[in-house]
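Chain by chain, the residues run as shown.
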Amino acid sequence: MQKIFNFFPLTVYKSSLSLSESEKNEMIEEVRLMEKKSKNLDYKSTTKAWTGDTQGFEYLHNNPKFKNLFIQINNCILEYLESLSVNYKKLDLYFQRSWATISKKTEHIDNHSHDQSHLSIAFYLKKQKDDAKIMFFDTSKHNEFIPQLFDSRSLAKENIFKKRDILNSSKVVFDTKEDDLLIFPSKTIHGTEQGKSNSERISISADIVFLAKDSSTLEHLVPPVENWKKFSN
Ligand SMILES: [Fe+2]
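Counting of residues starts from 1 at the beginning of each chain's written sequence and follows it residue by residue. Under the rules for a predicted model, residues below a pLDDT of 70 receive no local features and side-chain atom pairs below 80 are neither given nor counted, while totals for whole chains, interfaces and linings still include all residues. Side-chain measures were taken over the full set of non-hydrogen atoms in the model, leaving aside hydrogen atoms and water.

1. A short note on the nonpolar core
So, step 1. As used in this record, nonpolar core signifies buried Ala, Val, Leu, Ile, Met, Phe, Trp, Tyr and Cys residues forming a set joined through side-chain atoms within 4.5 Å. When a residue's accessible area, from a 1.4 Å probe over protein chains only, is under 20% of the maximum for its type it is buried; when over 50% it is exposed; and in between it is partly exposed. By size, the foremost hydrophobic cluster in this structure holds 33 residues, and its most contacted members are Phe-66, Leu-69, Ile-121, Phe-123, Leu-181, Ile-183 and Ile-204.
So, step 2. Elements supplying a minimum of two residues to this core: helix 1 (21-36), helix 2 (67-83), strand 3 (91-105), strand 4 (119-126), strand 7 (180-185) and strand 9 (198-212).
So, step 3. Take this core: its biggest share by element is 7 residues, from helix 2.
So, step 4. Counting 6 residues, the second largest nonpolar core, distinct from the first, contains Ala-122, Ile-134, Leu-182 and Phe-184. To qualify as a helix, a DSSP run of H or I must reach at least 4 residues; to qualify as a strand, a run of E must reach at least 2; elements of each kind are numbered from the N terminus.

2. Topic: the coordination of the iron ion
So, step 1. Counted as donors are the N, O and S atoms within 2.8 Å of the metal, or 3.2 Å for Na, K and Ca, while water is not among the atoms, so some sites may look incomplete. At 2.1 Å from the iron ion lie its protein donor atoms, namely His-112 (NE2), His-114 (NE2) and His-190 (NE2).
So, step 2. According to the relative accessible area criterion, His-112 is partly exposed, its value standing at 26%.

3. Details of the sheet that holds strand 2 (residues 50-51)
So, step 1. Here, any two strands with at least 2 DSSP bridges between them count as paired. Strand order in the open sheet formed by 6 strands is 1-7-4-9-3-2, with antiparallel pairing between adjacent strands. Single-partner strands in this sheet number two, and they are strand 1 (13-16) and strand 2.
So, step 2. Taken together, the 4 bridges between strand 1 and strand 7 define a ladder with antiparallel strand orientation. In the strand pairing of strand 7, Ser-15 is matched with Leu-181.
So, step 3. Sitting on the sheet, helix 1 touches strand 2, strand 3, strand 4 and strand 9, and the angle it makes with strand 4 is about 105°. Note on contacts: a residue pair is in contact if any heavy atoms of the two residues lie within 4.5 Å. Helix axes are fitted to C-alpha atoms over the stretch in contact, other axes to C-alpha atoms as well, and angles between N-to-C directions run from 0 to 180 degrees.

These figures capture arrangement, not role.
Given below as structure tokens:
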């Protein structure tokens, strides 16, 4: 009797956060104010979403109006680590960078990864049903036994697969609702759907880094920052 085994998953966490309408409205107004005070508008093209990290607003975790949101994200990150059986008591966790994104009309976010951090989140502060969804991309494609099998448009047109699912795809379009929080490894390539009409979709992104509490016997974790010495340059 045959058995199929599927190895090497990508684990994405989703949870709906509990924030009051007034709290959310205060954050939305704060994000709109950031957009008004953009410091680098030349960088934004008309087809791309506004992204606060490139406009001078990359530390929302230090903004009192976002305090409760980041407390809830903190707790969800610990749940994510539990799901991977990580002994996080041995680690120091930091919010490294956090910012808002605003997508209006057909604006989208190109595929990218957050290479300077370890875990990343996306929180949907304002999202309508028809706004663009997030997409995740698999670069390892372990099941792609013929080169280009998964992503070839001509092969797809000729229905080379009877159906598409996670066993034969390099892309997942993931549906989320307002208030949803996603957590995923920062190295995961992601972006938003193109060609959708967004009615001011606002998401919050944050990057989390992990340092060892005690690195004295460790080779592969970043040592505690308090022992570093800054260059005089
Ligand atoms: Fe991102």
